[in-house]
Amino acid sequence: MMVAESLASNNKVLKIRNLSTHYFSRRGVLKAVDRVSMDLRKQEFIGIVGESGCGKSTLAFSIMRLIQPPGKIVEGEILFNGKDLLKLKDEEMRRVRGKEIGMVFQDPMTSLDPLEKIGDQIVETIQMHEDVDKKEALEKAMKLLESVGLPGDRVNYYPHQLSGGQRQRVMIALAIALNPTLLIADEPTTALDVIVQEKIMEILEKMKREGRSIILITHDFSLAAEKSDRILIMYAGWIVEMGDSMKLVAEPLHPYTKGLIESVPDIWLARKIKTMPGFPPDLINPPPGCKFHPRCPKAKEICKREEPPLIEVNGRLVKCWLYE
Ligand code: SF4
């Protein structure tokens, strides 16, 4: 925690300290987010990267306080613009959601009401938080759609009349309808082709230029590397490396980050892709010591016994015994 403090500047919008979110089942306790600390600065674009099940979406849902039973945030602090979100009453948190923090989900069809016109859904969101009449809210909805590259008349369409990329734009319009300062996008382009993906990413970059902070959750390392100011690598509920995107790509420190980079296809270098051996661990019964040790080519004896500390190395944070 001391290290995380020393790396961050004062203009933080989000400070997460020692956050743990667990899922409780008959088989045992699954530690999806395990004592995570991180910061996000004003107008910063962070990419949170890791394989499926590493805890990145649970981290995003924890920030929004959208964890459902059998999941529970069991410890930690989430300070957003000075407020501890975990101490807010449900009603206060509802106001923060949408008005101060917007979220874009992976599959717009599960978030949009198929029976309601796009415009009505945006109008409803605006009127829930702002004292405006329907005409004014509808005009705002049209402007919002235009700001994400859709014609304003799409307010009259139903979700099924739009393509996957257009629906994702609608989701972004909904997420920014109340002008939040933080936008969290959870795998927003996974189901889209690369051209539509690029257009969605351009919108997120525009949101950043307009003054927002962005958290992009993705399993696509190259996408995060290209778009983010900083990358945060998650493995088995831990942050294992965090730092400036360019430096992290040029010189990855953690063996897991190196493995992720080596498994990214590169059509220009035409180098051979190396797949990482093994699978992410069962988080109900994770391996002792470093949770990555069964897959790690650099594992030492201590790695099998003791959890590595999070260490600062050249302005980067890395959780690995190699740097102790
Ligand atoms: Fe590999 Fe050990 Fe570092 Fe874990 S702590 S990543 S096992 S070298």
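Residues numbered from 1 in each chain as written. Predicted model: local features only at pLDDT ≥ 70, side-chain atom pairs only at ≥ 80, totals over all residues. Heavy atoms only, no water.

A. Quick look at the overall build of the protein. Helices and strands together make up the secondary structure of the protein, namely 12 helices and 12 strands. The C-alpha radius of gyration of the protein comes to 20 Å, within 12% of the 20 Å expected for a compact globule of 324 residues. Over its C-alpha atoms, taken along the principal directions, the protein stretches across nearly 65 × 50 × 40 Å. Expressed as a percentage of the 324 residues in the protein, the buried residues total 50%. Accessible surface computed for the protein: about 15600 Å², of which carbon and sulfur atoms make up 53%. (Helix = DSSP H or I, 4+ residues; strand = E, 2+ residues; numbered from the N terminus. Rg over C-alpha atoms; globule rule 2.2 N^0.38 Å. Buried < 20%, exposed > 50% of the residue type's maximum accessible area, 1.4 Å probe, protein only. Areas by Shrake-Rupley, 256 points an atom, 1.4 Å probe, with all protein chains shown as cover.)

B. Structural view of the sheet that holds strand β4 (residues 71-80). Pairing in this open sheet of four strands is antiparallel, and the strands run β2-β1-β4-β5 from one edge to the other. Single-partner strands in this sheet number two, and they are β2 (28-41) and β5 (83-84). Here strand β1 (residues 12-25) runs beside β2; their pairing, made up of 10 bridges, is antiparallel. Across the sheet, I16 pairs through a bridge with M38, a residue of β2. (Pairing = 2+ DSSP bridges.)

C. Seen up close, the pairing of strand β11 (residues 310-313). Residue alternation in β11 divides its side chains into a buried set, I311 and V313, and an unburied set, L310 and E312. Adjacent in sequence and paired antiparallel, β11 and strand β12 (residues 316-319) are bridged by two residues, among which N314 carries a positive phi angle near 50 degrees.

D. Region of the structure containing the packing of aromatic side chains. Overall, the coordinates contain four aromatic pairs when judged by the stated rule. Both rings, one in Y256 and one in F292, keep their centres 5.3 Å apart while their planes meet at 70 degrees; by these two values the pair is edge-to-face. Pair noted here: Y256 is in helix α11 (residues 255-262) and F292 is in the loop between α11 and α12 (301-305), with a separation of 36 residues, a long-range link. F292 shares its class with Y256; the two are buried. Linked through ring pairs, Y235, Y256 and F292 together constitute an aromatic cluster. For the cation-ring pair, K319 lies above W238, with the distance from its terminal atom to the ring centre recorded as 4.5 Å. (Phe/Tyr/Trp six-rings, centres within 6.5 Å; stacked < 30°, edge-to-face > 60°. Lys NZ or Arg CZ within 6 Å of the ring centre and 35° of its normal.)

E. Fine view of the nonpolar core. In terms of nonpolar packing, the biggest core is built from 36 residues, with I122, L145, L183 and L204 touching the most fellow members. Those elements that provide at least two residues to this core are α5 (118-129), α6 (134-147), α7 (164-176), β7 (182-186), α8 (194-209) and β8 (213-218). Here this core gets seven residues from one element, more than from any other, and that element is α7. Dropping the residues within four chain positions of it, I122 is found in contact with A141, L144, L145, A173, L174 and A177. Membership of the second largest hydrophobic core comes to 32 residues, among which are I16, L59, V96 and M242. (Core = buried A, V, L, I, M, F, W, Y, C linked by side-chain atoms within 4.5 Å. Contact = heavy atoms within 4.5 Å.)

F. The site of the ligand, seen in detail. Surrounding the ligand, one finds 13 residues, the nearest of these being C290, C296, C303, C320 and W321. The residue makeup of the shell around the ligand, split by class, is 10 nonpolar, two polar and one charged. (Near = heavy atom within 4 Å. Nonpolar A, V, L, I, M, F, W, Y, C, P; charged D, E, K, R; others polar.)

G. How the structure looks around unusual backbone geometry. A cis amide bond, omega 10 degrees, links P69 with the succeeding residue P70. Inspection of the secondary structure assignment puts P70 in the loop between α2 (56-63) and β4. Of note in the backbone geometry, N18 takes a positive phi value of approximately 50 degrees without being a glycine.

H. The sheet that holds strand β9 (residues 230-235), seen in detail. Ordered by their spatial adjacency, eight strands build an open sheet running β6-β7-β8-β3-β9-β10-β12-β11, and the pairing between neighbours is mixed. At either end of the open sheet lies a strand with only one pairing partner, and these are β6 (101-104) and β11. Neighbour to neighbour, the strand axes of the sheet diverge by 20 degrees on average, direction disregarded. With respect to the sheet, α2 is in contact with β3 (45-49), β6, β7, β8 and β9, its orientation differing from that of β8 by roughly 145 degrees. Sheet contacts for α7: β6 and β7; angle to β6, the most-contacted strand, approximately 170 degrees. (Axes fitted to C-alpha atoms, helices over the stretch in contact; angles between N-to-C directions.)

I. Here's a closer look at the pattern of salt bridges. Scanning the model with the defined rule gives 27 salt bridges in all. Residues E307 and R35 are paired through a salt bridge, measuring 3.0 Å at the closest nitrogen-oxygen approach. Placement of the pair is E307 in the loop between α12 and β11 and R35 in strand β2, with a sequence separation of 272 residues. Residue K56 pairs with E187 through a salt bridge whose shortest N-O separation is 3.7 Å. Note that K56 is positioned in helix α2 and E187 in the loop between β7 and α8, a separation of 131 residues in sequence. Exposure remark for K56: the relative accessible area of 5% places this residue in the buried category. Put simply, D34, R35, K291, E307 and K319 are held in one network by salt bridges that share partners. (Salt bridge = Lys/Arg side-chain N within 4 Å of Asp/Glu carboxyl O.)

None of the figures reported here should be taken as evidence of function without further support.
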